[in-house]
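The lines below spell out each chain.
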Amino acid sequence: MEAEITQLVTTGATTVVGLMATEAWTQLRSRLAGLLGRGRDAEEVSAELEEIRVEVVRADGDTALVDDQTAEVRNRLRRLLRQDPQAARELSDLLEEFTPKQPQPIEVHHTVNTVHDTTVHGTVIQTGAQIRRQ
């Protein structure tokens, strides 16, 4: 169970920091502040998250700075889940809602027929396509 929580916290922090530089942040910030701010003023937590976002946006390719902010979010998420293990479900739902969906891979099959050692007296046509989404 601890490994699942660690994975959730790590994925959560990376996802949250990644979303801070997108338009989705506006919607995510207030909901994340509500989750992180249990028992605290949500506006105060929202302001703290906004400070982290400003640092991330200013990083402009400085991976060390982004890593520092990711660690800050990871620590906050870890503290939240230690204090309230039930928050793991809420965090997971929030991440699922805001994580960009990956397109489903398309599986394409090609069929090739070869005619050997025979004489064909007419037209031979083979058609068809087989495309399957995973």
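Conventions adopted
Residues numbered from 1 in each chain as written. Predicted model: local features only at pLDDT ≥ 70, side-chain atom pairs only at ≥ 80, totals over all residues. Heavy atoms only, no water. Helix = DSSP H or I, 4+ residues; strand = E, 2+ residues; numbered from the N terminus. Expected span 1.5 Å × (residues − 1). Buried < 20%, exposed > 50% of the residue type's maximum accessible area, 1.4 Å probe, protein only. Arc of directions from axis to C-beta. 1 Å grid on protein atoms, 1.4 Å probe; cavity = no way out; pocket = protein on both sides within 12 Å on 5 of 7 lines; lining within 4 Å. Points joined across faces, edges and corners; volume = space filled by probe spheres on them. Nonpolar A, V, L, I, M, F, W, Y, C, P; charged D, E, K, R; others polar.

**Student:** Quick one: what's the story with helix α4 (residues 63-83), residue by residue and with numbers?
**Tutor:** End to end, α4 covers 30 Å across 21 residues, agreeing with the expected 30 Å (1.5 Å per residue, within 8%). For α4, every residue scored as buried is listed here: Gln69, Thr70, Val73, Arg76, Leu77, Leu80 and Leu81. End-on view of α4: buried residues confined to an arc of 135°, all on one side of the axis. Across from the buried face of α4, at angles greater than 90 degrees, the exposed residues are Arg82 and Gln83.

**Student:** Let's hear about the layout of surface pockets: which residues, and what values?
**Tutor:** Looking at the largest pocket, its volume works out to about 210 Å³. If you go around the largest pocket, the residues you meet are Leu36, Arg38, Arg40, Val45, Arg76, Arg79, Leu80 and Gln83. The element that contributes the greatest number of residues to the lining of the largest pocket is α4, accounting for four residues. Taken together, the residues of the lining of the largest pocket break down into three nonpolar, one polar and four charged. Looking at the second largest pocket, its volume works out to about 180 Å³. Lining the second largest pocket are 10 residues; nearest its centre among them are Glu2, Ile5, Leu81, Arg82 and Pro85. For the lining of the second largest pocket, the secondary-structure elements that each account for two or more residues are α1 (2-19) and α4. At four residues, the largest contribution of residues to the lining of the second largest pocket is made by α1. In terms of residue class, the lining of the second largest pocket is built from six nonpolar, one polar and three charged.

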